[in-house]
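Summary of the model geometry
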Amino acid sequence: MYHLNQTQPSLVQVFSIGRSYEGRPLFILQLGRKSRAYKKAVWIDCGIHAREWIGPAFCQWFAREALLTYKTDPAMRKMLNHLYFYIMPVFNVDGYHFSWTHDRFWRKTRSRNSRFHCRGVDANRNWKVKWCDEGASAHPCDDTYCGPFPESEPEVKAVADFLRQHRKHVRAYLSFHAYAQMLLYPYSYKHATIPNFGCVEIAAHKAVKALRSAHGIRYRHGPASQTLYISSGNSMDWAYKNGIPYAFAFELRDTGQFGFLLPEMLIKPTCTETMLAVKNITLHLLKKCP
């Protein structure tokens, strides 16, 4: 991140929005040509669940490719000239570190609980939207533990605070998970149609079509509650409820052959196809939608 900041200062800024439970900085990369004019923004986060390693790999890939192709790709130039991208390469930094050093399948944060020996909260069940309802657990030892209260996790609170502060210009929220090969949009917590369904559905349909054009990989798309399962207290629903009209969650490769243990040789193809989908959604934002 610092290297990108030093070598491309006109397009990159690095800053921290807080600290994790264990004291690690929560870094954000801001990509985009600096401009005095009002600019819409896209938020991208990866690694909210520690074991989903392909997520942080994609966030790093996105930043690298955006900067490498800025001068040669008209679409990328348009994106970085007209928008800001706030990229959080590793949301759950403590859990991610733990998944590299102790438990490859760790999912949660690493916060301590005063009453139970079990550590961590599911950072994607800790948001203030139908918190601790269906699809989340109130027991600290469960993988989907919602936490003692909404935004109890410093990582979640820091991101929620940042998005609240920037809500006027953040128009899209993209969160990267694994695995299932799906592109999901709200709602997760209930079976209901979002008010701007037409616009969001068209964007999702075009994105998965663009993704498939790279390597023939098929993604399902649709409302999360119907396409995947019902879950409450997640970041995508929260972003949508807080005024971000395009809120998506990607479930990247694969569909279970390797699962969380996606081999290294599949990082590049996964990232290249996902990049096409993200560019497609982003360019959709720049068009008027009723």
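Residues numbered from 1 in each chain as written. Predicted model: local features only at pLDDT ≥ 70, side-chain atom pairs only at ≥ 80, totals over all residues. Heavy atoms only, no water.

A word on the UniProt feature "domain: Peptidase M14" (unreviewed entry) in the chain
As annotated in UniProt, the feature "domain: Peptidase M14" (unreviewed entry) corresponds to residues 1–285 in the numbering used here. Taken end to end, residues 1–285 is 35% helix and 18% strand, and its first and last C-alpha atoms sit 26 Å apart. (UniProt positions renumbered as here; feature names shortened; annotations may be inferred. Helix = DSSP H or I, 4+ residues; strand = E, 2+ residues; numbered from the N terminus.)

Examining the state of the cysteines
Between two cysteines, a covalent bond joining their sulfur atoms is known as a disulfide. In total, this model carries three disulfides according to the counting rule given. Paired by a disulfide, C46 and C59 hold their sulfur atoms 2.1 Å apart. An S-S torsion of about 80° defines the bridge between C46 and C59 as right-handed. You can see C46 sitting in strand β3 (residues 40–46) and its partner C59 sitting in helix α2 (residues 54–68), a full 13 residues away along the chain. Each member of the pair, C46 as well as C59, is classed as buried. A disulfide bridge connects C118 with C141, and the sulfur atoms are separated by 1.8 Å. Its S-S torsion of about 80° marks the bond between C118 and C141 as right-handed, since a negative value means left-handed. Separated by 23 residues along the polypeptide, C118 in the loop between α4 (93–101) and α5 (154–165) and C141 in the loop between α4 and α5 bring together distant segments of the chain. For C118, a relative accessible area of 14% translates into the label buried. With no disulfide of its own, C271 has C46 as its nearest cysteine by sulfur position, at a separation of 8.9 Å. Using a relative accessible area of 0% as the deciding quantity, one classes C271 as buried. (Disulfide = S-S within 2.5 Å. Buried < 20%, exposed > 50% of the residue type's maximum accessible area, 1.4 Å probe, protein only.)

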